[in-house]
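Here's the letter readout for the chains.
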Amino acid sequence: MSGRTRIAGWGGVGTVGEQRLSEDLLHATEGVPLSRGLGRSYGDSAVPPLSDPVVVGTTLADRILSFDAESGALRAESGLSLYELNRIFLPRRFFVPVTPGTQFVTLGGMVASDVHGKNHHVEGCFGEHVLALRMRVGDGRVVDCSPTVHSDLFFATLGGMGLTGHILEVTFLMKKIPSSWIYQETERVADLDALLDALGEAARQFPMTVAWIDCLNEGRGMGRGILYRGRWATEAEAPKQAPKPKLRLRVPFQLPSWAMSTESVRLFNSALYHQHIPRVRRGIVSPEEFFYPLDSIRDWNRIYGKQGFTQHQAVLPASKGRGAVRRFLELLTSQGGASFLCVLKDCGKEGRGMLSFPMPGTSIALDLALRDRTQEHIDRLNELVIREGGRIYLTKDALTRPEHFAQMEPRLAAWQKVRDKWDPDHHLRSAQSVRLLGDKP
Amino acid sequence: MNVVILGATKGMGRALARLCAERGDRLFLLGRDAEDLARSVADLGVRAGPGPQVGFAQCDLEKTETFETALTAAKQQLGHIDAVVVTAGLFGTQEQLEADPELTERVLRVNFVSTVLFCEAARKLLLTQGGGTLCVFSSVAGDRARKPVVLYGASKAGLSAYLNGLDHKYYSSGLRVICVRPGFVKTGMTAGLRPPPFAGEPEQVAREVRAALLCPRPVVYTPIVWELVMTAISMLPRAVMRRINF
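Residues numbered from 1 in each chain as written. Chains lettered and ligands numbered in written order. Predicted model: local features only at pLDDT ≥ 70, side-chain atom pairs only at ≥ 80, totals over all residues. Heavy atoms only, no water.

**Some thoughts on the overall build of chain A**
Selection criterion: Numbering goes from the N terminus for both helices and strands, where a helix is a DSSP run of H or I of at least four residues and a strand is a run of E of at least two. Atoms counted for the radius of gyration: C-alpha only. Globule rule: 2.2 Å times the number of residues to the power 0.38. Burial status follows relative accessibility: with a 1.4 Å probe on protein chains alone, a residue under 20% of its type maximum counts as buried, one over 50% as exposed, and anything between as partly exposed. Computed with a 1.4 Å probe, the accessible areas rest on the Shrake-Rupley method; for each residue, only the protein chains presented here act as cover. Charged residues are defined narrowly, with Lys and Arg counted positive, Asp and Glu counted negative, and His plus the chain ends left uncounted. Working definition for charges: the position is that of NZ of Lys, CZ of Arg, CG of Asp or CD of Glu.
On a plain count of helices and strands, chain A comes out with 13 helices and 21 strands. Rg of the C-alpha trace for chain A: 21 Å, near the compact-globule value of 22 Å for 441 residues, within the 12% margin. Its C-alpha atoms give chain A principal-axis dimensions of about 60 × 55 × 45 Å. With 441 residues in all, chain A has 61% of them scored as buried. Accessible surface, chain A as shown: approximately 17300 Å² in total, 54% of it carbon and sulfur. The positive charge centre, built from 55 side chains, and the negative charge centre, built from 49, are 4 Å apart in chain A.

Quick look at the structure:
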């Protein structure tokens, strides 16, 4: 059953179309251009093309098909959410090898985005831990692929934004963890150089690191922020009970656009920085608090009002040194872009996915409210990313121009070749692939 | 609790089976598609953790001859059956049904005739072991025929009436009949329909129905707020019912 509804990314960019929710992906995906999970991609990657505005909603296809407690291998239908996985497996002391910053994502989405997290410098992307996929490819066939069988399709699908086929089932390795709690240290750091030093130092000692920075602060204190580092708590450190799911507040309606003005964000950032006393804090926290701080507020995207927002996440290569990060932040502050959330992470090695986002270097993620000049700001940031030899994360993107994307993705041609082989007519497509790859609108 | 569920592979039945599995109940699934059943059995097995495997047998509401064999298989595996739950059923919007007499006949037949016949088989089985619970998903649509659910509601009204009578007749013999009347619940069945106010989630239905299995009541509105909604609707004068589209 189906009906017309608004289908939008988390930032609010979208279209009116039909979402076909079904427990039976095998049949529902026939002839449909795109699958969509929980819709947490910020941009237009889970939004269907205008000429065929239909998506299959996968969230009802959420059965676990097998789990081997010895190896940790788990096979499940692609609509299974990370929230549900955590609910079931945290008390049993298993966790996904890689988690993004929200647990309201599906397995299929985690593969299509080849998500990364706080442990990227150790574990790489989620795709490193995927053993096999079952897919419905563009010509209608159902194909099983893995690093050894139809490996081209497999590697093109990791980070392939759902454009190589509908992901029906995912097999991957869960990790055994010593307890279901996290040992966390947070540290207030006064400027960018010190922060990058601290981030590098933490990466050598901790399997999970990330930094939040106040990107409105200019001059000497530019890049001041808070460093988060952590590891799974040992059995001795952790409370006996598994953590209970937290109560979630909800943003009840869309806030007016002035709520996220430069001034209010400046105040918020400053408060967040200064309230961090003493300089270093240590403690045991729940994985929910550590990995998913924003999940505690449902519908938090409403704070950006009706106009919505976009994210810009870029990785700048390590070879360009920290100068690149400085130049990026200088450009950002000179544009006066108020970002409520600005997150820095040092990435490890490039993933197996042909279009996976991370590369060795520094990733910078920021929120930008959609205003008249946002397109222009994104263009300037992308031009800098191209000059520095970096690239952007498609999962966050709604505004990048196709010529910019082509310049930052030398890997695109090889990926297109695999896509052409499995879907010569480019039947599988999204609003994003129409915009960036010139697919049929 | 030992529970047999017809319809556990989808929607509210799936949510109920998961909750039962996680709470340590022993389950036996009935359904028409063996492969689909096997996938749900695997899912419930992982969620339940170590313990006896969930069993299953094919049972198709449109094939009355499958009822007895399926129920016997369940009885054999579980030994004693505490509850038989029926969540299976067909749905069509009023527009779909009005446009398609064949579909209308199927919906009426499956939701009323076939379900009643299955319940008769389940009743006999439960009574031979001295009693037990028969929990059947009807609908609030069976309470009062509203414009969007004239035909579907009629099939459920018949079912509710039957379950009511069953309770009167066999209560003293140890049969506990539960007529579950879900309001609008967001499942694959209702996907694409605009959710009204008070629309519920299958997980909430699962919690309320499992509580009812432990402590049976003849009628269970779920999510619970629909008891109030339906009380209000049942008091509306005909002139109003002719006008509103709810």
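The discussion continues.
**Digging into the overall build of chain B**
Counting its secondary structure elements, chain B contains 9 helices and 7 strands. Compactness check: chain B gives a C-alpha radius of gyration of 17 Å against a globular reference of 18 Å for 246 residues, within 12% of the reference. Summarising its shape, the C-alpha atoms of chain B cover approximately 55 × 40 × 35 Å along the three principal directions. With 246 residues in all, chain B has 53% of them scored as buried.

**Re unusual backbone geometry**
As a rule of thumb, non-glycine residues mostly have phi less than zero, and peptide bonds are mostly trans rather than cis. Here the amide bond leading from I277 of chain A into P278 of chain A is cis, since omega sits at -10°, within 30 degrees of zero. Relative to the helices and strands, P278 of chain A is located in the loop between α7 (262–274) and β16 (280–285). Residue T222 of chain B is joined to P223 of chain B through a cis peptide bond whose omega torsion reads -15°. Within the secondary structure layout, P223 of chain B lies in the loop between β7 (219–222) and α8 (225–235). Positioned with a positive phi, D299 of chain A is a non-glycine residue whose angle comes to about 55°. Following the sequence through the fold, D299 of chain A ends up in the loop between β17 (297–298) and β18 (309–317). Given the relative accessible area of 19%, D299 of chain A is considered buried. Phi at H426 of chain A is positive, roughly 50°, even though this residue is not glycine. By secondary structure assignment, the location of H426 of chain A is in the loop between α12 (412–422) and α13 (431–437).

**As for the interface of chain A and chain B**
To keep it simple, the criterion reads: By definition, residues are in contact when any of their heavy atoms lie within 4.5 Å. Joining two parts hides part of their accessible area as seen by a 1.4 Å probe, and the buried area is that hidden amount summed over both. Any Lys or Arg side-chain nitrogen found within 4 Å of a carboxyl oxygen on Asp or Glu counts as a salt bridge. Here a polar contact means two N or O atoms within 3.5 Å. Within protein one must be a hydrogen donor candidate and the other an acceptor candidate, and residues neighboring in sequence count only if both atoms are side-chain atoms.
The partner chain B presents 24 residues to the 21 residues of chain A that form the contact. With both chains or domains summed, chain A and chain B bury close to 1700 Å², and 46% of this area falls on carbon and sulfur atoms. The interface formed by chain A and chain B includes 7 salt bridges. In this structure, D36 of chain B engages R63 of chain A in a salt bridge whose closest nitrogen and oxygen atoms are separated by 2.8 Å. The interface formed by chain A and chain B contains 13 residue pairs in polar contact (both at pLDDT 80 or more).

**With respect to the sheet that holds strand β4 (residues 54–57) of chain A**
Residue and element names in this part refer to chain A. Formally: Strands pair, by our definition, only if DSSP identifies at least two bridges between them.
Read across the open sheet, the 4 strands follow the order β1-β2-β4-β3; overall the sheet is mixed. Two strands bound the open sheet, and with one partner strand each, they are β1 (4–8) and β3 (35–36). Pairing analysis gives 2 bridges linking β3 to β4, with the strands arranged parallel. Paired with S35 across the two strands is V56, which belongs to β4.

**Points about the side chain of D423 of chain A**
All names here are of chain A. Mapped onto the fold, D423 is located in the loop between α12 and α13. One buried charged residue, D423, remains without a salt bridge, the closest side chain of opposite sign being R419 at 5.0 Å. Looking at D423, its side chain comes within polar contact range of the main-chain nitrogen of L428, at 2.9 Å. Apart from the residues lying within four places of it in its own chain, the contact partners of D423 are G138, L163 and L428.

**Description of the sheet that holds strand β5 (residues 132–137) of chain B**
Residues and elements named next belong to chain B. Where we set the bar: For helices, the axis comes from a line fit to the C-alpha atoms of the stretch in contact; other axes are also lines fit to C-alpha atoms, and the angle between any two N-to-C directions lies between 0 and 180 degrees.
Read from one edge of the open sheet, 7 strands run β3-β2-β1-β4-β5-β6-β7, paired in parallel fashion. Whereas interior strands pair on both sides, the edge strands pair on one side only; in this sheet they are β3 (55–58) and β7. Within the sheet, the average angular offset between the axes of one strand and its neighbour, ignoring direction, is 20°. In the sheet, β5 pairs with strand β6 (residues 175–182) via 6 bridges, with the strands oriented parallel. Bridge pairing in β6 links L134 to V177. Helix-sheet contacts for helix α6 (residues 150–170) involve β5 and β6, and the interaxial angle to β6 is about 155°.

**Thoughts on α6 of chain B**
Residue and element names in this part refer to chain B. The cut-off we apply is this: Between the first and last residue of a helix there are one fewer steps than residues, each counted as 1.5 Å, and that sum is the expected span.
Taking 1.5 Å per residue as the helical rise, α6 with its 21 residues ought to reach 30 Å, and the 30 Å between its terminal C-alpha atoms agrees with that figure. Looking at α6, one finds that the buried residues are Y152, G153, S155, K156, L159, S160, Y162, L163, L166, D167 and Y170. The inward-facing, buried residues of α6 contact α4 (94–99), α5 (101–128), β5 and β6.

**Description of the nonpolar core**
Selection criterion: Grouping buried Ala, Val, Leu, Ile, Met, Phe, Trp, Tyr and Cys residues that are joined through side-chain atoms within 4.5 Å yields what is termed a nonpolar core.
L85, F172 and F328 of chain A are the most contacted members of the largest nonpolar core, which totals 94 residues. Filtering out sequence-adjacent residues up to four positions away, F172 of chain A remains in contact with G72, A73, L74, L85, V96, P97, L107, F126, H129, V130 and L131 of chain A. F28, A121, L125 and A141 of chain B belong to the second largest nonpolar core, which has 40 residues in total.

**Re the pattern of salt bridges**
If you walk through the whole model with that rule in mind, you get 51 salt bridges over all chains. Salt-bridge contacts for R109 of chain B lead to E105 of chain B; the nearest nitrogen and oxygen are separated by 2.9 Å. Pair noted here: R109 of chain B and E105 of chain B are both in helix α5, with a separation of 4 residues, about one helical turn. Note on R109 of chain B: relative accessible area 45%, which makes it partly exposed. We note a salt bridge from D143 of chain B to R181 of chain B, for which the minimum N-O separation is 3.1 Å. In this pair, D143 of chain B is assigned in the loop between β5 and α6 and R181 of chain B in strand β6, connecting sequence segments 38 residues apart. What makes R181 of chain B buried here is its relative accessible area of 10%. Salt bridges sharing common partners tie together R63, R75, E77, R134, D144 and E169 of chain A together with K10, D36 and R39 of chain B.

**Some points on the packing of helix α1 (residues 11–22) of chain B against helix α2 (residues 34–48) of chain B**
Residue and element names in this part refer to chain B. The test is simple: Here a crossing is called left-handed whenever its near helix is offset anticlockwise from the far helix by less than a right angle, and right-handed whenever the offset is clockwise.
Close contact between α1 and α2 brings their axes to 8 Å; oriented N to C, the two are set at 35°. Regarding α1 and α2, the two cross each other, and that crossing is right-handed. Residues A17, R18, A21 and E22 of α1 form the contact with α2, whose own contacting residues are D43, L44, R47 and A48.

**A look at a nonpolar patch on the surface**
Residue and element names in this part refer to chain B. Here is the rule we go by: A patch consists of residues exposed above 30% relative accessible area that lack any salt bridge, with like charges linked at up to 9 Å and nonpolar side chains (Val, Leu, Ile, Met, Phe, Trp, Tyr) linked at up to 5 Å.
Side chains of F112, V113 and L117 sit close together on the surface and give an oily, nonpolar patch of about 230 Å² of accessible area. Among the structural elements, L117 can be located in helix α5. Using a relative accessible area of 40% as the deciding quantity, one classes L117 as partly exposed.

**Description of the packing of aromatic side chains**
Residue and element names in this part refer to chain A. Where we set the bar: Ring geometry is summarised as follows: Phe, Tyr and Trp rings, the Trp one being its six-membered ring, pair when their centres sit within 6.5 Å, and such pairs are stacked at plane angles under 30 degrees, edge-to-face over 60 and tilted between the two. By definition here, charges over rings are those cases where NZ of Lys or CZ of Arg is within 6 Å of the ring centre and within 35 degrees of the ring normal.
Counted under the stated rule, the structure contains 18 aromatic pairs over all chains. Ring centres 6.5 Å apart and planes at 55° place the aromatic pair Y42 and W300 in the tilted group. Placement of Y42 in the loop between β3 and β4 and of W300 in the loop between β17 and β18 is noted, with a sequence separation of 258 residues between them. Across the pair, exposure class does not vary: Y42 and W300 are buried alike. The interplanar angle of 90° and the centroid separation of 5.1 Å between the aromatic rings of F67 and F94 together place this pair among those described as edge-to-face. Taken together, the positions of F67 in strand β5 (residues 64–67) and F94 in strand β7 (residues 94–95) put the pair 27 residues apart, joining distant regions of the chain. An aromatic cluster is defined as three or more aromatic residues linked by ring pairs; in this entry it consists of W10, Y42, W300, Y304 and F309. Note that R40 overlies the ring of W10, its terminal NZ or CZ placed 3.6 Å from the centroid. Its end group placed over the ring of F94, K176 keeps NZ or CZ at 4.6 Å from the ring centre.

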